[in-house]
Every structure is written in structure tokens, then in C-alpha cells.
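# Observations on the model geometry
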Amino acid sequence: YRGLSPPTTETIERWAGILVPAYKKLMEWFREMGALTVLIEEPALVLDISPDEMKIFIDIYEELGSIVDIWLLTYYDSVTHYNDFIQLNVKGLSLDFVSNTENLNNLRRYGFPCDKILLAGIINGKQPWTARYEKLIPLIEELSRHSSHIVLTNSCPLFHLPVSIDMEKELPPRLLKKLSFAREKLTELRLIKEYLS
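A few points on the structure. Each chain has its residues counted from 1, running along the sequence as written. With pLDDT at 70 or above as the cut-off, local features in this predicted model cover only qualifying residues; side-chain atom pairs require 80 or more to be listed or tallied, and sums for whole chains, interfaces and linings still use all residues. By convention in this description, side-chain values take in all heavy atoms of the structure and omit both hydrogens and water.

## A look at the overall build of the protein
Runs of E in the DSSP output that reach at least two residues are strands. Runs of H or I that reach at least four are helices, and both are numbered from the N terminus. If you tally the helices and strands in the protein, you get seven helices and five strands. Secondary structure elements in the protein, listed N-terminal to C-terminal, are α-β-α-β-α-β-α-β-α-β-α-α. In terms of principal-axis extent, the alpha carbons of the protein reach across some 55 × 40 × 35 Å. Within the protein, the fraction of its 197 residues that count as buried is 42%. Within the protein, contacts between residues separated by at least 24 positions form 71% of all contacts whose residues are at least 6 apart in sequence. In the structure as shown, the protein presents an accessible area of about 12000 Å², 56% of it carried by carbon and sulfur atoms. For the protein, the centre of its 22 positive side-chain charges and the centre of its 27 negative side-chain charges are spaced 7 Å apart. Working definition: with a 1.4 Å probe on protein chains only, accessible area under 20% of the residue-type maximum means buried, over 50% means exposed, and in between means partly exposed. Here, two residues are considered to be in contact whenever any of their heavy atoms come within 4.5 Å of each other. The Shrake-Rupley method, run with a 1.4 Å probe, gives the accessible areas here. Residue values count only the displayed protein chains as cover. Lys and Arg are tallied as positive, Asp and Glu as negative. Neither His nor the chain termini are counted. Just so you know, the charge point we use is NZ for Lys, CZ for Arg, CG for Asp and CD for Glu.

Below, the structure is given as C-alpha cells:
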């Protein structure tokens, strides 16, 4: 799509008008099947979107969030329009605390709603190095001062990484100790949870 102009707000509204009814049916089906929570990835919310475009997101999630509890995932950058973002009609909101400092600064400045779950992206999902626990624990302690409902998670999808260091048979042991691939990232999250428990 190189060379094309970005879509206008009117175009986005038109597409939302087409897609939202389909998503509503899908959410209703999930609810009928017994789903308690639906996870939706919405990385577009970290783009440089206009206030009018943010209003479209607000309207969309006002409708979808009234059908089923939604956990909304963003990643790769800080969210645009933080105050509008935290008021979206969803149960859980994710913030990437690895790729930027703006999300943490906004959390400090504006807080976080007490009726929502903070999905805290603290484990780097894009780089292959082991977590630095000495930095993560103080971060988690600070996050817990802003939200009493926190789920610790990776900062972005783990598909950027190989599956596991278990497959690496020829790397020097000294290097292997420093590596953490997708499976190991999940282990890091579990270890942090056990330590905090």
C-alpha cells in the first residue's frame, strides 16, 4: 500500500459500520458458548490516531464490551489518548512497559481505573535475552500501587522468538545462559509470580 494516502475518518467509520455487527454476532456466540472473557488484540491503538478516530474505537468497544468481558491488548509502543483508552468499555487493558516509558509516565500521572484489570507487559517479547529481575520487581511493585488487579504478561506476542533454547545444541553454554526464547519467557513470568506470591 506504499504511496497510498491513509484512510479518512469517514472511510474508517464506514468500515466500522460493516464490521461491528459481525463482531457483535461473534461476541454473542462466544457468550452463548460459555466464554467468560474474550481477548482482542488492538495494536492500532498505539498508532498516531486522531481524536475522531479514537472516538470510533470508543463507540466500537461500548457496543462489544456490553456483550462479553473483553481483555484488550496493545503492544509495540505507548497508547495514544491514554485517558480515553483507560475508559474504554472493557474489563482488562494491556500496556507495554518494555518498548517505551510513556505508558508508565501516564499511569503515574493519570492513574488506572479500579474496576479494570491491568495487563502489564513486562517481559520483552521481541528480544532473546533473559529478564533482568532486579529491574522488574521494583516495576511490578510500582504498578501494584496504581492497580490492585494486575496480570503479568509479555510485552508483545512471542512469535518474534524461536520456540525454546532446548533446541539449541551447538551454542556455547555461556551464551545459552543469557538466552530466553518463547518458552523460557513464559517460565520467567511463572517465576516472577512465584516470587511475588
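## Some remarks on unusual backbone geometry
Positive phi values are uncommon outside glycine, yet Y76 reaches one of about 80°. Here Y76 is to be found in the loop between strand 2 (69-73) and helix 3 (82-85). Positive phi, close to 55°, is recorded for H81, a residue that is not glycine. In this structure, H81 sits in the loop between strand 2 and helix 3.

## A few points about the packing of aromatic side chains
By convention, a stacked pair of Phe, Tyr or Trp rings (six-membered ring in the case of Trp) has centres within 6.5 Å and planes under 30 degrees apart, an edge-to-face pair has planes over 60 apart, and any other such pair is tilted. Per the counting criterion, the structure on display carries three aromatic pairs. Where Y75 meets Y76, the ring centres are 4.8 Å apart and the plane angle is 90°; that geometry is what we call edge-to-face.

## Some details on the packing of helix 5 (residues 133-146) against helix 7 (residues 182-196)
As a rule, the C-alpha atoms of each element are fitted with a line to give its axis, helices using only the stretch in contact, and angles between N-to-C directions run from 0 to 180 degrees. Packing of helix 5 against helix 7 leaves a shortest axis separation of 12 Å and a crossing angle of 55°. Classified by the interaxial angle, the pair formed by helix 5 and helix 7 is oblique. For the pair helix 5 and helix 7, the sense of crossing is right-handed. Residues Y133, L136, I137 and I140 of helix 5 touch helix 7, and the partners they reach there are E188, L191, I192, Y195 and L196. Three categories are distinguished: nonpolar for Ala, Val, Leu, Ile, Met, Phe, Trp, Tyr, Cys and Pro, charged for Asp, Glu, Lys and Arg, and polar for the others, with Gly belonging to the last. Class assignment for the residues of the contact of helix 5 with helix 7 results in eight nonpolar, no polar and one charged. The labels follow the angle: roughly parallel below 35 degrees, roughly antiparallel above 145, roughly perpendicular from 65 to 115, and oblique for the rest. Should the near helix be turned anticlockwise from the far one by less than a right angle, the crossing is termed left-handed; should it be turned clockwise, right-handed.

## As for the sheet that holds strand 2
In short, DSSP must find at least two bridges between two strands for them to pair. The parallel open sheet is built from five strands, whose spatial order is 1-2-3-4-5. Two strands close off the open sheet at either side, each with one partner strand: strand 1 (37-41) and strand 5 (150-154). Within the sheet, the average angular offset between the axes of one strand and its neighbour, ignoring direction, is 25°. Here two bridges tie strand 2 to strand 3 (residues 92-96), and the two strands are oriented parallel to one another. The partner of L72 across the bridge, within strand 3, is L93.

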